[in-house]
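Reading the structure
Residues per chain are reported as follows:
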Amino acid sequence: MGRVIGVVSGKGGVGKTTLVINLGAALAHTFRKRVAIVDCNVTTSHLGISLGLSYLPKTLNHVMRGEASLQEATYEHHSGMKVIPSSMKLADLKGLDFASLKPIVRTLAEQNDVVILDSGPGLGREGVGALLASQELLFVAQPTLPSVMDVVRCQEAVKNASKMHLGLVLNLVEDHGHHLTRQAVENLAGL
């Protein structure tokens, strides 16, 4: 059974998708791991297009609605990782059952060494679905108070769910007075 790592944040635009892509590609290409990355951010899905996948007849949305098999919605990337994108079509948001995400991810974990979930931001249905489907969590934030406090909220949401917290990745760090220091982020987030 492979590891299931959720890359999560309380805010959008902090770099979750970029981190998922680069971590997945490094594990697949450099370390020769069997890796699947999943776009759990169904309302604003960017994973597929970020990887140049423009024609996606079957997606995670179709699998969640029982209209396609997981194999049909899995695309091979030249790095060696498998990609399960979400649909870019607004109509494909209808009828999604986020409770179905966990068994889908479990199946992927049986077939891969590592499954990385690109979570939707915040604690809405898609964000919570990815949190609950994950075994381990890697948080992403910018060094600002709102971004870090949203990570704290995500931690609170899963405090009784026995998820391993792998740490916090800070993106867009600049050396000026408007950002929190590394020490302040560590103290606030406990990561």
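Residues numbered from 1 in each chain as written. Predicted model: local features only at pLDDT ≥ 70, side-chain atom pairs only at ≥ 80, totals over all residues. Heavy atoms only, no water.

1. Side note on the overall build of the chain
Keep this limit in mind: Here a strand is any run of E in DSSP of at least two residues, a helix any run of H or I of at least four, and the numbering for each starts at the N terminus. Partly exposed residues are those whose accessible area sits between 20% and 50% of the maximum for their type, while under 20% is buried and over 50% is exposed, using a 1.4 Å probe and protein chains only. Residue contacts follow a heavy-atom distance rule, with two residues in contact if any of their heavy atoms lie within 4.5 Å.
In terms of helices and strands, the chain carries seven helices and seven strands. N-terminal to C-terminal, the α/β element order of the chain is β-α-β-α-α-β-β-α-β-α-β-α-β-α. By principal-axis analysis of the C-alpha atoms, the chain measures approximately 50 × 35 × 30 Å. Each of the 191 residues in the chain was classed as buried or not, and the buried ones make up 50%. Restricting to contacts in the chain with at least 6 residues of sequence separation, those with at least 24 account for 76%.

2. Quick word on the packing of helix α6 (residues 145-157) against helix α7 (residues 182-189)
Working note: a packed helix pair is described by the angle between its axes plus the distance between those axes. To be explicit about the condition: Only the contacting stretch of a helix is used when fitting its axis, a line to C-alpha atoms as for every element, and angles between N-to-C directions run 0 to 180 degrees. The cut-offs work like this: below 35 degrees is roughly parallel, past 145 is roughly antiparallel, 65 to 115 is roughly perpendicular, and the gaps in between are oblique. Each crossing is labelled by how the near helix is turned from the far one, with a counterclockwise turn of less than a right angle marking it left-handed and a clockwise turn marking it right-handed.
With their axes 9 Å apart at the nearest point, α6 and α7 run at an angle of 25° to one another. Here α6 lies roughly parallel to α7, going by the angle between them. You can see that α6 and α7 cross each other, and the crossing is right-handed. Only V185, L188 and A189 of α7 make contact with α6, whose side of the interface consists of L145, V148, M149, V152 and Q155.

3. Describing the state of the cysteines
One way to say it: the disulfide is the covalent bond shared by the sulfur atoms of two cysteines. For the record, the criterion: Here, the term disulfide refers to a pair of cysteine sulfur atoms separated by no more than 2.5 Å.
Inspection of the entire model under this criterion finds zero disulfides. Free cysteine: C40, not disulfide-bonded; nearest cysteine sulfur from C154 at 14 Å. Its relative accessible area of 2% is what places C40 among the buried residues.

4. Re the sheet that holds strand β3 (residues 75-76)
The line we're drawing: Paired strands, as defined in this entry, are two strands with at least two bridges between them according to DSSP.
Spatially, the seven strands line up as an open sheet ordered β3-β4-β2-β5-β1-β6-β7, and their pairing is mixed. Strand pairing shows two members of the sheet lacking a second neighbour, β3 and β7 (164-170), which therefore form its edges. With five bridges joining them, strand β1 (residues 3-8) and strand β5 (residues 114-118) adopt parallel strand pairing. Bridging from a neighbouring strand, R3 pairs with V114 of β5. Here helix α1 (residues 16-30) sits on the sheet in contact with β1, β2 (35-39), β5, β6 (136-141) and β7, set at roughly 165° to β5.

5. As for the packing of helix α4 (residues 101-111) against helix α5 (residues 125-133)
For clarity, the cut-off: Note that Gly is not counted as nonpolar here; it falls among the polar residues with everything else outside the nonpolar set of Ala, Val, Leu, Ile, Met, Phe, Trp, Tyr, Cys and Pro and the charged set of Asp, Glu, Lys and Arg.
As a packed pair, α4 and α5 sit with axes 9 Å apart at the nearest point and diverge in direction by 40°. It follows that α4 is oblique to α5 by the angle criterion. With respect to the hand of their crossing, α4 and α5 are arranged in right-handed fashion. Contacts between α4 and α5 involve L101, K102 and V105 from the former and G129, A130, L132 and A133 from the latter. Class assignment of the residues belonging to the contact of α4 with α5 gives a composition of five nonpolar, one polar and one charged.

6. As for α1
Here is the rule: Helix span, as expected, comes to 1.5 Å for every residue beyond the first.
With 15 residues, α1 should cover 21 Å at 1.5 Å per step; its first-to-last C-alpha distance of 21 Å lies within 8% of that length. Those residues of α1 that sit buried are K16, T17, L19, V20, I21, G24, A25, L27 and A28. Tucked inside the fold, the buried residues of α1 contact β1, β2, α2 (47-50), β5, β6 and β7. After α1 finishes, the residue R32 shows a positive phi value of roughly 55°.

The values are spatial; any link to function lies outside them.
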